[in-house]
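# Examination of the molecular architecture
Chain residues, written in single-letter form:
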Amino acid sequence: MAMNKQIGIDLGTTNTLFFMKGKGIVLREPSVVAKNSVTGKVVSVGSDAKKMLGKTPGTIAAFKPLKDGVIADFDVTTQMIHQFFRKINTGGFFDRPSVIICIPYGVTEVEKKAFEDAAYDAMSKSVDLVEEPMAAAIGAGLRISGPRGNMIVDIGGGTTEVAVISLDGIVAARSLRTAGDELDEAIVNYVRRQYGVAIGTSTGEELKKKIGSVHPSADIEETEIRGRDLRTGLPSVLRLTSADMRYAMEEQIEKIVDCIKHTLEGTPPELSADIFDRGITLAGGGALLRGLPNLINERTGLRVNVAKRPLDCVALGLGMGIEEPRLLRHVVLRR
Ligand code: ADP
Ligand code: MG
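Residues numbered from 1 in each chain as written. Chains lettered and ligands numbered in written order. Predicted model: local features only at pLDDT ≥ 70, side-chain atom pairs only at ≥ 80, totals over all residues. Heavy atoms only, no water.

Take unusual backbone geometry next. For Met-123, which is not a glycine, the phi torsion comes out positive at approximately 90°. By the element assignment, Met-123 lies in the loop between helix H3 (109-121) and strand E10 (126-131). Residue class for Met-123 comes out partly exposed when judged on its relative accessible area of 28%. Residue Leu-167 is not a glycine yet carries a positive backbone phi of 50°. As for its placement among the helices and strands, Leu-167 is situated in the loop between strand E12 (160-166) and strand E13 (169-176). With relative accessibility at 56%, the residue Leu-167 sits in the exposed group. (Helix = DSSP H or I, 4+ residues; strand = E, 2+ residues; numbered from the N terminus. Buried < 20%, exposed > 50% of the residue type's maximum accessible area, 1.4 Å probe, protein only.)

With mixed pairing, the 5 strands of this open sheet are ordered in space as E13-E12-E11-E17-E18. In the strand order of this sheet, the two ends are held by E13 and strand E18 (304-306), each with one partner. Taken pair by pair, the neighbouring strands of this sheet meet at an average axis angle of 20°, ignoring direction. Pairing between strand E11 (residues 150-155) and strand E17 (residues 280-283): 4 bridges, direction parallel. Note on E17: the bridge partner recorded for Ile-152 is Thr-281. On the sheet, helix H7 (residues 242-265) packs against E11, E12, E13 and E17 and is oriented at approximately 150° with respect to E13. (Pairing = 2+ DSSP bridges. Axes fitted to C-alpha atoms, helices over the stretch in contact; angles between N-to-C directions. Contact = heavy atoms within 4.5 Å.)

Any functional reading would require information that these geometric values do not contain.
The following block contains the structure:
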C-alpha cells in the first residue's frame, strides 16, 4: 500500500516550492502557467511557461495566476498545483497527498478559502493552513514559541510582509504591495527616463540580481544590456552601474524601510526590547538585494540578519513542521 505523502506548499506570487516529508524540497518552480487561449488548456507550467512570458504567439498566453500574494485566477492556480503534483509523481486519485499550505498574513476569509480550495481541487487528501510569516520565521531558525519577540521581514515578488512574532503568534504585522516586481519595474522606468532606452521587466530583474545594490558599500561593477533606443527605434547597447540601480530603486526601497519602521512603532515595548537584542531577520528573494541589511541597519539602528536560504525559507519552515509536528501545534490555523 502506498504511504501517505505529506507536502508543504509555499505558493508564492513568483515562486512555488514543495517540501515532501522525508525528502526535503522536491520542487522549485516559477508560479507561471501557459495556456492555449482557444482551447483553454494548460500548455505548460513553471520554468517552461516562464520562458514564454512576454513572447508567446497569438494562441498561447503565459501568465502568473497569483497577484499581490493572493490567488487571482482560481482555476489556473488549481491546474498549476496539480501539474506540479504530477511532476513529483503524486496527486493521482489513489495517491492524494496531505498538504500544508501557506497563506499570506492579513488576507480575507474568501482569499484564505481560495488557497484551501485550490489545494483540494488539485487532488489533495487534506489541507491545513499556516500563516506565511510563521513558516518563514521557523524556516529562518527563529524561536517562535518563547515569550520573546522576533521580527521577520519577507520580501517576495508581489508583497513585503513584516511581522513580529512571539508565543507562536503574530503580534504585529504589516503587508506592503511593494516588493521584487516593483523594483524590476522601477529599473525599467529609470532606464527609460534616464537613458531613453526601453527594456523589458525580465531585463530589469536581471539587472537587479546582477548589479543591483541599495547601499553604496555594496556596489559592485557595471554591466552591459541591450534595449531599444526610444529615439531611433533601433536596438542599442547600454552600460549601467550599481549606482544606477540605487537611484532606480530608491523610492521603492524607502517604502519597504518605512513599512518596517511603522511595524516597529506598533510593537509593544517589551517585544521591541527583544527585537533590539535579537535584530531583524530578512527572508524571501528580496533579502538577497545587495546592501539591504546595511541600509535597514542604518535606518533603524537594529541589527539585521539574512536567513540562510531566503528563497527556501517558507518551504523549509513548513518542512520542519512536517518532520516535527510539535513545531506547528499552535501554528496551524483552526477552522
Ligand atoms: P514569492 O514568495 O513572492 O514567490 P520569492 O521569495 O520567491 O517571492 O522572491 C522572488 C523575488 O526575489 C523576485 O522579485 C526576484 O527578482 C527576487 N530575487 C531573487 N533573487 C534575487 C537576488 N539575488 N537579488 C535581488 N532580488 C532577488
Ligand atoms: Mg514568499
